[in-house]
Amino acid sequence: MLRPDGTAVRVLVVDDEASLAELLSMALRYEGWQVHSAGDGAGALRSAREFRPDAVILDVMLPDMDGLSVLAGLRRELPDVPVLFLTAKDAVEDRIAGLTAGGDDYVTKPFSLEEVVARLRGLIRRSGAAQERSDSLLVVGDLTLDEDSHEVTRGGESIHLTATEFELLRYLMRNPRRVLSKAQILDRVWSYDFGGQANVVELYISYLRRKIDAGRSPMIHTRRGAGYLIKPGE
């Protein structure tokens, strides 16, 4: 799922439980989406103004104001942004209050991450903020990666990658325009039990550049001291 301009979907997660907010954020980032989080209502409204999300996950119970008040502020700033309420309350009147106030959907705790992602995907699709891509196809600019067939092409030209190169490119393409640190890449591509050093990431980034960027506008970029990102070529 991508925005019409080809960039990643933006989601704002608002919950005062830091561990839950981080769990949700990780699940959404794995979808290739860009995520910001806030722990209270004031922070949510500030992030909404700056981040301009395509959807919001909003806890009803926040330390400084209730979720319905936050929703009212969101609607003033972003009238059409879809909002998915999270709450420990499951009474019918609470559901009705949330939906009547302008919420688009409602999930009660405890919930499965898969359910939240599926509900959010449906809300974003119906809002027209983003379009579904093929389930197996990742696209960044003129670069495509098929997760099922393991075929990679750039500008229609086939590119052969080793298994590790493919996993590294897949991780980059699942997070377009997002800087990924060496530690994040090691954890995702080589797993936590990998005993090597961070310079293996530099080595494989160089391998990918030779195959993806050689003779073309660069797509894989280094942010010194921060990590690497992929974005469409200029």
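Every residue gets a number counted from 1 within its own chain, in the order that chain's sequence is written. Where local features are concerned, this predicted model is filtered to residues with pLDDT of at least 70; where side-chain atom pairs are given and counted, the filter is 80 or more; whole-chain, interface and lining totals use all residues. Hydrogens and waters are ignored; side-chain quantities use all the structure's heavy atoms.

Q: What is the right way to look at the nonpolar core in this model?
A: In globular proteins that are soluble, nonpolar side chains generally tend to be buried together. Throughout, nonpolar core names a set of buried Ala, Val, Leu, Ile, Met, Phe, Trp, Tyr and Cys residues whose side chains join them through atoms within 4.5 Å. A simple rule labels every residue: compare its accessible area, found with a 1.4 Å probe on the protein chains alone, to the largest value its type can have, and call it buried under 20%, exposed over 50%, or partly exposed in between. If you look at the biggest cluster of nonpolar residues, it comprises 28 residues, and the most contacted ones within it are V152, L169 and I185. Numbered from the N terminus, helices here are DSSP runs of H or I no shorter than four residues, and strands are runs of E no shorter than two. Of all elements in the fold, only strand 6 (137-140), strand 7 (143-146), helix 6 (163-174), helix 7 (182-190), helix 8 (199-212) and strand 11 (227-230) reach the threshold of two or more residues within this core. Ignoring any residue separated from it by four or fewer positions in sequence, one finds I185 in contact with L168, Y171, L180, W190, V201 and Y228. Residues A21, L86, V116 and V117 belong to the second largest nonpolar core, which totals 22 residues. Only heavy atoms enter the contact rule, under which two residues are in contact if any of them lie within 4.5 Å.

Q: Sorry if this is basic, but what is going on with unusual backbone geometry here?
A: Trans is the prevailing form of peptide bonds, just as negative phi is the prevailing case for residues other than glycine. Even without a glycine there, the phi angle at H150 is positive, about 65°. Of note, R177 is a non-glycine position whose phi angle comes to about 65°, a positive value. Within the element layout of this structure, R177 appears in the loop between helix 6 and helix 7. Residue R177 is classed as partly exposed on the basis of its relative accessible area of 44%.

Q: Would you mind showing me how to read the sheet that holds strand 5 (residues 105-108) here?
A: A sheet is described by the order of its strands in space; here 5 strands give the open sequence 2-1-3-4-5, paired in parallel fashion. A single partner strand is all that each edge strand has here, and the edge strands are strand 2 (34-38) and strand 5. Each neighbouring strand pair of the sheet contributes to a mean axis angle of 20°, computed without reference to strand direction. Inspection of the sheet shows strand 1 (residues 10-14) paired to strand 2 by 5 bridges, in the parallel sense. Bridging from a neighbouring strand, L12 pairs with H36 of strand 2. Any two strands between which DSSP finds at least two bridges are classified as paired. Each axis is a line fitted through C-alpha atoms, and for a helix only the stretch in contact is used; angles between axes span 0 to 180 degrees, taken between their N-to-C directions.

Q: How do you make sense of the packing of aromatic side chains when you look at a structure like this?
A: The geometry of two aromatic rings is summed up by the distance between their centres and the angle between their planes. Here a pair means two rings of Phe, Tyr or Trp (six-membered ring of Trp) with centres within 6.5 Å. Their orientation is stacked below 30 degrees between planes, edge-to-face above 60, and tilted elsewhere. Overall, the coordinates contain 1 aromatic pair when judged by the stated rule. Judged by centre distance (5.1 Å) and plane angle (75°), the rings of Y204 and Y207 are edge-to-face. Taken as a pair, Y204 and Y207 lie in helix 8 at a separation of 3 residues, close to a single helical turn. Note that R174 overlies the ring of Y30, its terminal NZ or CZ placed 4.7 Å from the centroid. Here, a charge over a ring is recorded when the distance from Lys NZ or Arg CZ to the ring centre is within 6 Å and its angle to the ring normal is within 35 degrees.

Q: When you look at the packing of helix 2 (residues 41-51) against helix 3 (residues 67-77) in this model, what are you seeing that I'm missing?
A: Axis angle and axis distance: for two packed helices, these are the angle between their axes and the distance between the axes, and together they describe the pair. One way to put it is that helix 2 packs onto helix 3 with a least axis distance of 10 Å and a crossing angle of 15°. The pairing of helix 2 with helix 3 is recorded here as roughly parallel in orientation. In this structure, helix 2 meets helix 3 at a crossing whose hand is right-handed. Mapping the contact onto sequence places G41, A44, L45, A48 and R49 in helix 2 and V70, G73, L74 and E77 in helix 3. Ten residues, namely Ala, Val, Leu, Ile, Met, Phe, Trp, Tyr, Cys and Pro, are considered nonpolar, four, namely Asp, Glu, Lys and Arg, are considered charged, and the remaining ones, Gly among them, are considered polar. Residue classes in the contact of helix 2 with helix 3 are distributed as 5 nonpolar, 2 polar and 2 charged. Roughly parallel means an angle under 35 degrees; roughly antiparallel means over 145; roughly perpendicular covers 65 to 115; every other angle is labelled oblique. Two helices crossing with the near one rotated counterclockwise from the far one by less than a right angle form a left-handed crossing, whereas a clockwise rotation gives a right-handed crossing.

Q: Is there a simple way to think about the sheet that holds strand 7 in this case?
A: Note on sheets: strands pair through backbone hydrogen bonds, and any given pair is parallel or antiparallel. Taking strand neighbours across the sheet as the criterion, the 4 strands line up as 6-7-8-9 in an open arrangement whose pairing is antiparallel. Since the sheet does not close on itself, it has two edges, and those belong to strand 6 and strand 9 (157-159), each with one partner. The mean angle between the axes of side-by-side strands here comes to 25°, regardless of whether they run parallel or antiparallel. Of the strand pairs in this sheet, strand 6 and strand 7 are connected by 4 bridges, and their pairing is antiparallel. Looking at strand 7, one finds that L138 is bridged to L145. Against the sheet, helix 6 touches strand 6, strand 7 and strand 8 (152-154), its axis set at about 115° to strand 7.

Q: Just checking my understanding: could you explain helix 5 (residues 113-127) for this structure?
A: The α-helix advances 3.6 residues per turn, and as a result positions three or four apart in sequence lie on the same side. In this model helix 5 runs 21 Å from its N-terminal to its C-terminal C-alpha over 15 residues, within 8% of the 21 Å that 1.5 Å per residue would give. For helix 5, the full list of buried residues reads V116, V117, L120, R121, G122, L123 and I124. The inward-facing, buried residues of helix 5 abut strand 1, helix 1 (18-30), strand 3 (55-59), strand 4 (83-87) and strand 5. Two residues or fewer after helix 5 comes G128, characterised by a positive phi angle close to 80°. The span expected for a helix works out to 1.5 Å for each residue beyond the first.

Q: Explain the environment of R29 here, please?
A: Tracing the backbone through its elements, the reader meets R29 in helix 1. A relative accessible area of 21% places R29 in the partly exposed class. Spatially, the C-alpha atom of R29 lies 9.8 Å from that of R178, the residues being 149 residues apart in sequence. When near neighbours in sequence (up to four residues on either side) are disregarded, R29 contacts E22, V35, R174, N175 and R178. Counting of polar contacts relies on pairs of N or O atoms within 3.5 Å, with two restrictions inside protein: one atom must be capable of donating a hydrogen and the other of accepting it, and residues adjacent in sequence are counted only when both atoms are side-chain atoms. At a separation of 3.2 Å, a polar atom in the side chain of R29 contacts the main-chain carbonyl oxygen of V35.

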